Amino acid sequence: MRYLRLLLTQIRISLALGMQYRWEFLLGGGLTVVWTLISLVPLHIAFSGRPPIEGWTYERALVVVGWFTLLKGVLDGAVNPSLIRVVEQIRQGTLDFTLLKPADAQFLVSTAKFEVWKVVDVTAALAIFTYAFSRLGRAPAVVDVAVALAMLGAATLVLYSLWILVIAAAFWVVRLDNLAYLFNSLFDFARWPVTMFSGIWRVIFTVVIPLALMTTYPALALLGALPPRTGLLSVGGALLFAVVARVVWRRAIAHYTSASS
Amino acid sequence: MGRVSQIQVAGFCYPPVPLMAPAQSVVVKGLSKVYQVHERGAGLTASLRSLFHRRYRAVQAVQDLSFSIAPGERVGFLGPNGAGKTTTLKVLSGLLHPTEGEVLVSGFVPQRRQVEFLKQITLVMGQKQQLLWDLPPVETFALNRAIYDIEERTFKQTLDELTTLLDIGTIAQKPTRQLSLGERMKCELAAALLHRPQVLFLDEPTIGLDVSMQLTVREFIHSYNERHGATVILTSHYMDDVAALCPRVIVIDHGRLRYDGSLPDLVRSVNPHKQIALRTSAPLDRAALERVGAVVALDAARAVLQVPRAALHEAVAHLLGRPEVTDLTVEDPPLEEVMRAFFARPTAEQEAAP
């Protein structure tokens, strides 16, 4: 209850911040639309009017791009802004203030900032879904939507936990902003259905960097083609991953010595 | 059952001191803190070498420090840069774990960072800020209210009090980035005190502020201490801060305790002289002055003498008898000078060594 109120306060503050820079964010929203359209171009070239690749037709691959856009919106809106700030705070030593607050430090740093205008991404994703399903000539079943959302939850949890692990590493190494870029460029592969990659790449993108979980599985779920076992395994795996990240985080905090003695 | 527990309660409540209230606000026993520092020489080659082969060096930041502080005391930590003041503050607030020794603050072990403990303390760092940069300080206040779970009425009351004392009614509504350093520090203090902490750790709270703002901050800390009976532990580079605020000082040098007691006593022990400043209508004779005390400065209209405290009375009487003297003030030598002299002295240990 108390944490809910805390979360609402944080969101309210982020909203206030968003309003302060409304032009910047409106511009950002416009750019998002443009980039989403541009990102559709390679897909269009690879799939449109050609035979399906590994069973992926243009419309179905479009659903994957939709999930990619949606997940990107969720990440850039609710996960990344807060966590990028932590790395900075570790470097400057201002994380001390957070650690001295009588509330869970992981919660505090994870909810410190929301980019409210990233809602545009979510809208763009919905537009892509609508387009793809109208081309398929059907609507997704309610159950499939629910499963897909659960998969989205699992994917967000995994990415969030990855971030927490990165930050925990920052407690030791201090300077890690570059890792964030690496993270983003790898994430870009998630716009392609994972089964399109072959051999070692498919293994890497499924197990090491769980891109499959991030976009392909939710897309399959929405299309009603996700094996239940894969879905359950993904959710279970995501939860386990979150627990591991939490344990590592706690150890990192214990190890933390703030910058400048 | 009920009767038994009543008797027990009555037994515990006598003498009439709350059971949980510790007699000491801060207790430090044999505190040591060692850092592992990664060593690297200057230049590219050394940087490259350190990529593959790192040398670590143990730095003893604090060594066998012991003291205790009673509730409501105002104590100043003095010491040159790197003496271990900030390290000690961080250990006391629970940010750093002690390598050795025991620390108790308000009856809690700080490093466990229990919620009840964290609600009783606050840390203000003059060089770092917790205010949200792009938003008005009131937003940070609201956030801290949620974090500390402060009841609406208490919050309003505290905020009103702080707003009046610090005079931040209008500035708290402006985005932090538009505030001056002094205004920001006032809001910073307000943000740090909303939960009415009982122990205040202030690390250089007046750094970079102009003289009048320093005074404001100082007065505010004093009045908070008196209103709420809170313990104040302060480090500052401005000796005036410490002199004005702290009846007691703890001097740390090279991580060791050098002095613990009142500031006037410290000054007396380091420099048993008083300074007499004179304004004169005609230049005084140097040789004549030398007979009274050491001449620090002398020009046409002004003279400064240093006189042993024991001889002060006689010296003043003599100087006032001279017709050229138009004004005379007696003061302590500047605190900065006293401290410099103090740190230049060898420690007891160095003296013992051959």
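Definitions and cut-offs
Residues numbered from 1 in each chain as written. Chains lettered and ligands numbered in written order. Predicted model: local features only at pLDDT ≥ 70, side-chain atom pairs only at ≥ 80, totals over all residues. Heavy atoms only, no water. Helix = DSSP H or I, 4+ residues; strand = E, 2+ residues; numbered from the N terminus. Rg over C-alpha atoms; globule rule 2.2 N^0.38 Å. Buried < 20%, exposed > 50% of the residue type's maximum accessible area, 1.4 Å probe, protein only. Domains from an automatic or database assignment. Expected span 1.5 Å × (residues − 1). Contact = heavy atoms within 4.5 Å. Buried area = accessible area lost by both parts, 1.4 Å probe. Salt bridge = Lys/Arg side-chain N within 4 Å of Asp/Glu carboxyl O. Polar contact = N/O pair within 3.5 Å; in protein donor to acceptor, adjacent residues only side chain to side chain. Pairing = 2+ DSSP bridges. Axes fitted to C-alpha atoms, helices over the stretch in contact; angles between N-to-C directions. UniProt positions renumbered as here; feature names shortened; annotations may be inferred. Phe/Tyr/Trp six-rings, centres within 6.5 Å; stacked < 30°, edge-to-face > 60°. Lys NZ or Arg CZ within 6 Å of the ring centre and 35° of its normal.

Visitor: Even after reading the chapter, I still don't get the overall build of chain A, so can you show me in this structure?
Guide: Within chain A, the secondary structure is distributed over 11 helices and 0 strands. Each helix and strand of chain A, ordered N terminal to C terminal, gives the series α-α-α-α-α-α-α-α-α-α-α. Computed over the C-alpha atoms, the radius of gyration of chain A is 19 Å, within 12% of the 18 Å expected from 2.2 N^0.38 for a compact globule of 261 residues. Principal-axis analysis of the C-alpha atoms gives chain A an extent of 65 × 40 × 35 Å. Counting only residues that meet the buried cut, chain A has 46% of its 261 residues in that class.

Visitor: How should I be thinking about the domain arrangement of chain B in this particular structure?
Guide: Note on interface size: it is often stated as the accessible area lost on association of the parts. Looking at chain B, the domain boundaries give domain 1 (26-39 + 57-266) and domain 2 (272-332). Averaged C-alpha coordinates put domain 1 of chain B and domain 2 of chain B at centres separated by 41 Å.

Visitor: Sorry if this is basic, but what is going on with helix α2 (residues 22-47) of chain A here?
Guide: The periodicity of an α-helix, 3.6 residues per turn, causes residues three or four positions apart to be oriented the same way. Residue and element names in this part refer to chain A. In this model α2 runs 38 Å from its N-terminal to its C-terminal C-alpha over 26 residues, within 8% of the 38 Å that 1.5 Å per residue would give. Taken together, the buried positions of α2 are F25, G29, T32, T36, S39, L40, L43 and F47. Residues of α2 that are buried make contact with α1 (2-20), α3 (58-92) and α6 (119-136). Positioned one or two residues after α2, G49 has a phi angle of 65°, which is positive.

Visitor: Could you clarify how one ought to interpret the interface of chain B and chain A in this entry?
Guide: Contacts between chain B and chain A engage 33 residues on the former and 31 residues on the latter. A per-residue breakdown of the area chain B buries against chain A is headed by L95, K128 and I147 of chain B, which together make up 21% of the total. Across the contact surface, chain B and chain A share 4 salt bridges. Between the two partners, chain B and chain A, sit 6 residue pairs in polar contact (both at pLDDT 80 or more).

Visitor: Could you clarify how one ought to interpret the pattern of salt bridges in this entry?
Guide: Where charged atoms from two side chains of opposite charge come close, those side chains can pair. As enumerated under the stated definition, the model contains 18 salt bridges over all chains in all. The shortest N-O distance in the salt bridge between D149 of chain B and R5 of chain A comes to 2.7 Å. Of this pair, D149 of chain B sits in the loop between α5 (137-148) and α6 (152-166) while R5 of chain A sits in helix α1, which puts the two residues in different chains. Looking at D149 of chain B, the relative accessible area reads 34%, which means it is partly exposed. Notably, a salt bridge pairs K72 of chain A with D76 of chain A, separated by 3.5 Å at the nearest N-O pair. On the criterion of helical spacing, the pair formed by K72 of chain A and D76 of chain A is a turn pair, its members being 4 residues apart in helix α3. Ionic contacts of the salt-bridge type, sharing partners, join the residues R2 and R5 of chain A together with D149 of chain B into one network.

Visitor: Can you help me understand the sheet that holds strand β12 (residues 302-308) of chain B in this one?
Guide: As a general point, the strands of a sheet are linked pairwise by backbone hydrogen bonds and lie either parallel or antiparallel. All names here are of chain B. Strand order in the open sheet formed by 4 strands is β11-β12-β10-β13, and the pairing between neighbours is antiparallel. Two strands in the sheet have a free side with no partner beyond their single neighbour: β11 (294-298) and β13 (325-331). Ignoring which end each strand starts from, the neighbouring axes of this sheet average 20° apart. Sheet topology places β11 next to β12; 4 bridges connect them, and they run antiparallel.

Visitor: I would appreciate a short explanation of the UniProt feature "transmembrane region" (unreviewed entry) in chain A in the present structure.
Guide: Here the UniProt feature "transmembrane region" (unreviewed entry) sits at residues 21-47, 116-133, 145-174, 194-220 and 232-249 of chain A. Along residues 232-249 of chain A the backbone is 100% helical and 0% strand, and the end-to-end C-alpha distance reaches 26 Å.

Visitor: Honestly, the side chain of T36 of chain A in this entry has me stumped. Any pointers?
Guide: All names here are of chain A. As for its placement among the helices and strands, T36 is situated in helix α2. Relative accessible area serves as the criterion here: at 9%, T36 is assigned to the buried category. Aside from chain neighbours lying at most four places away, what touches T36 is T69, A124 and I128.

Visitor: Explain the sheet that holds strand β6 (residues 199-203) of chain B to me, please; I cannot follow it from the model alone.
Guide: All names here are of chain B. Ordered in space as β5-β6-β7-β3-β8-β9, the 6 strands form an open sheet in which the pairing is mixed. Strands at the two margins of the open sheet, each flanked by one partner only, are β5 (121-125) and β9 (256-262). Going across the sheet, the axis of each strand differs from the next one's by a mean of 15°, ignoring polarity. Pairing geometry for strand β8 (residues 248-253) and β9, over 6 bridges, is antiparallel. Bridge pairing in β9 links V251 to Y259. The strands touched by helix α8 (residues 211-228) within the sheet are β3 (74-78), β6 and β7 (231-235), with β7 carrying the most contacts at an inclination of about 155°. Lying over the sheet, helix α13 (residues 335-344) contacts β3, β8 and β9, oriented at roughly 45° with respect to β8.

Visitor: Would you mind going over the packing of aromatic side chains with me for this structure?
Guide: In this description, a pair of aromatic rings is defined by centroid distance and the angle of the planes. Per the counting criterion, the structure on display carries 6 aromatic pairs over all chains. A centroid spacing of 5.1 Å and a plane angle of 55° characterise the contact between W67 of chain A and F129 of chain A, whose relative ring orientation is tilted. Of this pair, W67 of chain A sits in helix α3 while F129 of chain A sits in helix α6, and the two are 62 residues apart along the sequence. Assessed through its relative accessible area of 3%, W67 of chain A is described here as buried. Its relative accessible area of 9% is what places F129 of chain A among the buried residues. When the centroid spacing of 6.4 Å and the interplanar angle of 45° are considered together, the rings of F220 of chain B and Y224 of chain B count as tilted. Residue F220 of chain B and its partner Y224 of chain B are located together in helix α8, separated by 4 residues, close to a single helical turn. Take F220 of chain B and Y224 of chain B: they sit in the same class, and that class is buried. The ring of Y3 of chain A has R2 of chain A sitting right over it, with the charged end atom 5.4 Å from the ring centre.

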